[in-house]
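Chains, contacts and geometry: an overview
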Amino acid sequence: LLSEGQVIAGAVSDLGVALSFPLSIVNMPISVGISPKLQRIDTYNYIANANNFSANDFDDAEYRNDETRFNVDVGFAIEPLNGLMLGVSGRNLISQDVKTNEVEGRQFTYRVEPLVTAGVAYDWSRLTVTTDIDLIENKKFKELDGTQYWRVGGEVRAFDWMSLRLGYRHDMKDSTTNIYSFGSGFTFGESFLLDFTGMFGSDEAIGGVLQTSYKF
């Protein structure tokens, strides 16, 4: 029996601090932000064929690898008109390459590369509309195709403590399916935020996000 299957995956976990510095040029508000952070990069390379497959082996340590590195994000935003915001962000400015464990003679390289994104947003009293675009391709695995996204979304602040959101994401490299998203955000007091997001797309793509944040 020669049939076999392979799973390769990568994940990045960030732990950092976000700092921002307000400025003003010709009476135009400008914000500069920087976020130094530690990153844990996990990789996974699993191969099984019909002759040796065992469900107990799926999460064995021989298929998993992780490394911890330092990285930094930088952002810049300007408000030329009241309510209109233009911005550019650079994430993961220090390139990182982490190799998966070698399994049956096959090995891959997971890449954390700089990603530069430009965006624009317009904010009305209770409605915000945004769009942004990746200026360069984002290639997660050296041996596989990369992605380059264009996104558009909107938020309605139904109440002072609750927001409703809709979004759409298109991959200009056609490596991944187009994604539609919907969600809501809740504010507790002056500092604590809680966001829920659901996502779906073609080819049975489905996902969800739960995000919390605390401002001080």
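So, a few notes on the structure that sits alongside this text. (Residues numbered from 1 in each chain as written. Predicted model: local features only at pLDDT ≥ 70, side-chain atom pairs only at ≥ 80, totals over all residues. Heavy atoms only, no water.)

As for the overall build of the protein chain
Check the secondary structure of the protein chain and you find 0 helices and 14 strands. The order of helices and strands in the protein chain, counted from the N terminus, is β-β-β-β-β-β-β-β-β-β-β-β-β-β. Counting only C-alpha atoms, the protein chain reaches 70 × 35 × 35 Å along its principal axes. Contacts in the protein chain between residues at least 24 apart in sequence constitute 47% of all its contacts with a sequence separation of at least 6. Within the structure as shown, the protein chain displays about 13,700 Å² of accessible surface, and the carbon and sulfur contribution to it stands at 59%. (Helix = DSSP H or I, 4+ residues; strand = E, 2+ residues; numbered from the N terminus. Contact = heavy atoms within 4.5 Å. Areas by Shrake-Rupley, 256 points an atom, 1.4 Å probe, with all protein chains shown as cover.)

Digging into the environment of T100
Following the sequence through the fold, T100 ends up in the loop between β6 (96-99) and β7 (109-112). On the basis of relative accessibility, which here comes to 1%, the residue T100 falls in the buried class. Spatially, the C-alpha atom of T100 lies 6.3 Å from that of Y44, the residues being 56 residues apart in sequence. (Buried < 20%, exposed > 50% of the residue type's maximum accessible area, 1.4 Å probe, protein only.)

Observations concerning the pairing of strand β2 (residues 19-25)
As paired strands, β2 and strand β3 (residues 28-49) are joined by 7 bridges and run antiparallel to one another. Pairing of S20 across the sheet is with G33, part of β3. A loop of 2 residues connects β2 with β3, the two strands running antiparallel in sequence, and V26 in this loop sits at a positive phi of about 50 degrees. (Pairing = 2+ DSSP bridges.)

Notes on the side chain of T109
Inspection of the secondary structure assignment puts T109 in strand β7. For T109, a relative accessible area of 5% corresponds to the buried category. There is a polar contact of 3.2 Å between the side chain of T109 and the side chain of K99. (Polar contact = N/O pair within 3.5 Å; in protein donor to acceptor, adjacent residues only side chain to side chain.)

Thoughts on the side chain of T177
With respect to the secondary-structure elements, T177 resides in the loop between β11 (162-171) and β12 (179-188). For T177, a relative accessible area of 17% corresponds to the buried category. A distance of 2.5 Å separates a polar atom in the side chain of T177 from a polar atom in the side chain of S202. Aside from chain neighbours lying at most four places away, what touches T177 is R169, G201, S202 and A205.

A look at the packing of aromatic side chains
Per the counting criterion, the structure on display carries 12 aromatic pairs. Taken together, a centroid distance of 6.1 Å and an interplanar angle of 75 degrees make the contact between W150 and Y168 edge-to-face. Of this pair, W150 sits in strand β10 (residues 149-159) while Y168 sits in strand β11; the two residues are 18 residues apart in sequence, bridging distant segments of the chain. By way of ring pairs, the aromatic residues W150, Y168, Y180, F182 and F200 are connected into one cluster. (Phe/Tyr/Trp six-rings, centres within 6.5 Å; stacked < 30°, edge-to-face > 60°.)

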